[in-house]
Amino acid sequence: MTSANVNHVLPTAHAARQGARAQANSTGRRAPSARATEVAPRIARMSYRRPLAAAVIGFVALAVSLLGSWAPPFRSDEAVSILSAERPGSSLLGELVRADAAHGAYYALLHVWIDFFGASAFATRLPSAIFIGLAATGIVVLVGRYGGLRLGIVSALIFAVLPGTTAVGSDVRWYTLGTACAVWLAVLFLRLVTRRTTSILPWACFAVAYAVCSYAYLYLSLLALPFAAVLLWDARGRVRATFGAIAHPRSAAASDVAALRAVMVRWMLATLAGAALIAPLAYAAILQHGHTATVAVPTSIDLSTVVVSPWFDRSPVLAAVALATLIALAAAGIVVWRRRCTSAVRRMLRTDRARLLLFALAWLVLPTAVILAVNALVPVYAAPVLSFTAPAVAVLLAVAIDGAARWLVQHLVARGGKPALSDRRPVLAAVASFTGVALVAALAAPTYLVQRGPTVTSSGSDWAGVAGVIQQHSRPGDDVVFDETATAAHRPRLAMHLYPQQFANVVDVTLAVPYENRDSLWDKTYSIPQVGTRIASGDGRVWLVEYRGETGGADATGMQERVSALRSLGFSLVHSYRLHRDVVYLFTRGSAS
């Protein structure tokens, strides 16, 4: 450039600066800088991208959990939920007071839902899928705010396809409600902490939210532990800052120390207030423990039931890959710690991503450790109990995948040496990250298909098959008798409550008091000899539904007694329909067939 050109440009730049100053003086405000002008549109774009991405990912997660959820037969614990929700309000209140207060919030919500949408498999499992969608939306908001939008999307997608998530997402139970509440409570807590909020009203709202979430799922009270871990993490190394604040009370360090101390105090008071609101429910749950244990508790706690089942269901390969990924993440952190200088490590630990990683780790480890410790004294553990920690597993896996993607792209660019590759680094990192998500989904796919298959699994039932046999082969006026000696998880009588339309032709001849007229979970029934007169006055056809187990040897003595009682009334066995675990027998008398 020639000197003439330079002299021409300089006055122009000077004039521009003078014009900006004149504009600032005339308006009374400082003119925006060029950098601010460039950043403002970017912030505006992000302001709507994150909510839009959160909504889209939430819908995707809902669809993943909902797809095919109507195919499997109802399970025993789902039967408990549906029967409780179908009770009249007064009967439901009696059940909660006597037997199942801990799950009252979910039963009340499901009660209203069934009134509007019915009690089919699709209708009753839809709320669980909706809660999964809400949880995924919250994960995008939570992780996107402290780790970037891409990391938030990757975390939510991994959460959506985890086998543990898709299992509870198609289950008529309260676990997904607890997961959604846990995510949004974490969003509220981290927002208050990172902004150093000291106003009373927001923390009062947190106390109420903490109590409400715990009423939705009592184990969410344990989230106080990872919340405390975050505050302790923020307070680490504050001794020097505290002394500096004492020496210079008006310094920025003094203001930060005071704000953190105020936040910690308000969190403690809010948590104690929430705990006081939770105390009645916790006390009732302790008193009712023996009555609400309808979930199958593992007979032994081993590596599979603790490490695999809660988040990976029946997918040990995915569990092994995930565990290896997390170990690699820990190893990479140690390497970075050792190679980088102390000041660089300290800067990394002060980032929002470091706080997010610490919170996810504490969210996973601390509640799990407490539940396992309590289980050593009282049997409370089952794999779905830890479903509210699935978002933490997803975040940890996403951080590991994102870190691996960044490392891979960095080395690819360094070896390629092409400026075009360097400009496309964010795109390449995104492609690598979503490839990792696709790998997780591929490993989870076999388990996903099994979960949504129409065949009976270890936790399923034959009740849909029993209902189909009765509907197809029964006649109006037929009597039906059920195996009442089976355990609650396998009681064939539940088929009539879950599929009432298929039993429209038959008469429940042994029913004494329906469950909705009792505080107990189940019907009160008579034995066959006690209703012999009723059976004898029927149309001469009786259906007997027996639970025989997979091997056919379950409670053979009880079955023999029921068969003998029917034969003593003049009935003979004419047909049997063998299902996976249940057997449906048709007895007739005289010319009836």
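Residues numbered from 1 in each chain as written. Predicted model: local features only at pLDDT ≥ 70, side-chain atom pairs only at ≥ 80, totals over all residues. Heavy atoms only, no water.

A. Geometry of the nonpolar core. With 129 residues, the main nonpolar core has I158, F189, F206, F227, F312, W363 and F503 as its most contacted residues. At 13 residues, the largest contribution of residues to this core is made by helix α9 (residues 175-194). If near-sequence neighbours (up to four positions away) are discounted, F227 is found in contact with L185, A186, F189, F206, W267 and F359. Among the nonpolar cores identified, the runner-up in size contains 15 residues, and V542, L544, M559 and Y585 belong to it. (Core = buried A, V, L, I, M, F, W, Y, C linked by side-chain atoms within 4.5 Å. Buried < 20%, exposed > 50% of the residue type's maximum accessible area, 1.4 Å probe, protein only. Helix = DSSP H or I, 4+ residues; strand = E, 2+ residues; numbered from the N terminus. Contact = heavy atoms within 4.5 Å.)

B. Layout of the packing of α9 against helix α11 (residues 224-235). Relative orientation of the contacting elements α9 and α11 amounts to 20°, with a least axis distance of 11 Å. Here α11 runs roughly parallel to α9, going by the angle between their axes. Crossing angle aside, the handedness with which α9 passes α11 is right-handed. Contacts between α9 and α11 involve L185, A186, F189, L190 and V193 on the former and, on the latter, F227, V230, L231 and D234. (Axes fitted to C-alpha atoms, helices over the stretch in contact; angles between N-to-C directions. Parallel < 35°, antiparallel > 145°, perpendicular 65-115°, else oblique. Left-handed = near helix turned anticlockwise from the far one by under 90°.)

C. Summary view of the side chain of R196. One can find R196 in the loop between α9 and α10 (200-216). A polar atom in the side chain of R196 sits 2.7 Å from the backbone oxygen of V193. (Polar contact = N/O pair within 3.5 Å; in protein donor to acceptor, adjacent residues only side chain to side chain.)

D. Looking closely at the state of the cysteines. Under the definition given, this model contains zero disulfides. C213 forms no disulfide, and the closest cysteine sulfur to it belongs to C181, at a distance of 4.2 Å. On the basis of relative accessible area, C213 is assigned to the buried category, the value being 10%. (Disulfide = S-S within 2.5 Å.)

E. Just the confidence of the model for the chain, in detail. Averaged over every residue, the pLDDT of the chain is 83; residues scoring 70 or more account for 80%. pLDDT under 50 marks residues 1-17. Its contacts with residues more than four places away, or in other chains, come to two contacts. Across residues 24-31, where pLDDT falls below 50, the model places four contacts with residues more than four positions away in sequence or in other chains. (pLDDT = per-residue confidence, 0-100.)

F. Up close: the pairing of strand β1 (residues 478-482). Within β1, five of the five residues are buried, which leaves the element mostly enclosed by the surrounding structure. In β1, alternate side chains face the same way, and those of D478, V480 and F482 on one face and D479 and V481 on the other are all buried. Relative to strand β2 (residues 506-508), β1 is paired through three bridges, and the arrangement is parallel. Opposite D479, over in β2, you have V507 as the bridge partner. For β1 and strand β5 (residues 541-547), the ladder comprises four bridges, and the chain directions are parallel. Note that in β5 the partner of V480 across the bridge is W543. (Pairing = 2+ DSSP bridges.)

G. Here's a closer look at the environment of V507. Along the chain, the position of V507 falls in strand β2. Separated by 31 residues in the primary sequence, V507 and G538 place their C-alpha atoms 9.3 Å from one another. Those residues in contact with V507, other than ones at most four positions away along the chain, are D478, D479 and V480.

H. Layout of a nonpolar patch on the surface. A surface patch of nonpolar side chains, about 300 Å² in accessible area, is lined by L225, L361, V365 and L366. Per element, the largest residue contribution to the nonpolar patch is three residues, and it comes from helix α18 (residues 352-375). Of note, L225 is situated in helix α11. (Patch = residues over 30% accessible without salt bridge, like charges linked within 9 Å, V, L, I, M, F, W, Y side chains within 5 Å. Areas by Shrake-Rupley, 256 points an atom, 1.4 Å probe, with all protein chains shown as cover. Salt bridge = Lys/Arg side-chain N within 4 Å of Asp/Glu carboxyl O.)

I. A look at the sheet that holds β1. Pairing is mixed in the open sheet, where five strands are placed in the order β2-β1-β5-β7-β6. The open sheet is flanked by β2 and β6 (572-578), the only strands paired with a single partner. Here the average twist between neighbouring strands, direction ignored, is 25°. Bridge count for β6 against strand β7 (residues 582-588) is six bridges, and the pairing is antiparallel. Paired with L573 across the bridge in β7 is F587.

J. How the structure looks around the pairing of β5. Within β5, seven of the seven residues are buried, which leaves the element mostly enclosed by the surrounding structure. Burial along β5 is two-sided: the face carrying R541, W543, V545 and Y547 and the face carrying V542, L544 and E546 are both buried. When β5 meets β7, the two strands line up antiparallel, connected through seven bridges. In the strand pairing of β7, Y547 is matched with D582.

K. Representation of the pattern of salt bridges within the structure. A full pass over the atoms with the stated rule returns 16 salt bridges. Among the salt bridges present, the one from D402 reaches R150, with a minimum N-O distance of 2.9 Å. Here D402 is found in helix α19 (residues 390-416), whereas its partner R150 is found in helix α7 (residues 149-161), with 252 residues between them in sequence. For D402, the salt bridge is made with R353, and the minimal N-O distance between the two is 2.9 Å. Of the two residues, D402 sits in helix α19 while R353 sits in helix α18, which places them 49 residues apart along the sequence. Take D402: its relative accessible area is 2%, and that puts it in the buried class. Linked through salt bridges whose partners overlap, the residues forming this network are R75, E78, R125 and D171.

L. Seen up close, the side chain of T124. With respect to the helices and strands, T124 occurs in helix α6 (residues 121-147). Here T124 falls in the buried class, since its relative accessible area comes to 0%. Engagement of the side chain of T124 in a polar contact is seen with the backbone oxygen of S120, the distance being 2.8 Å.

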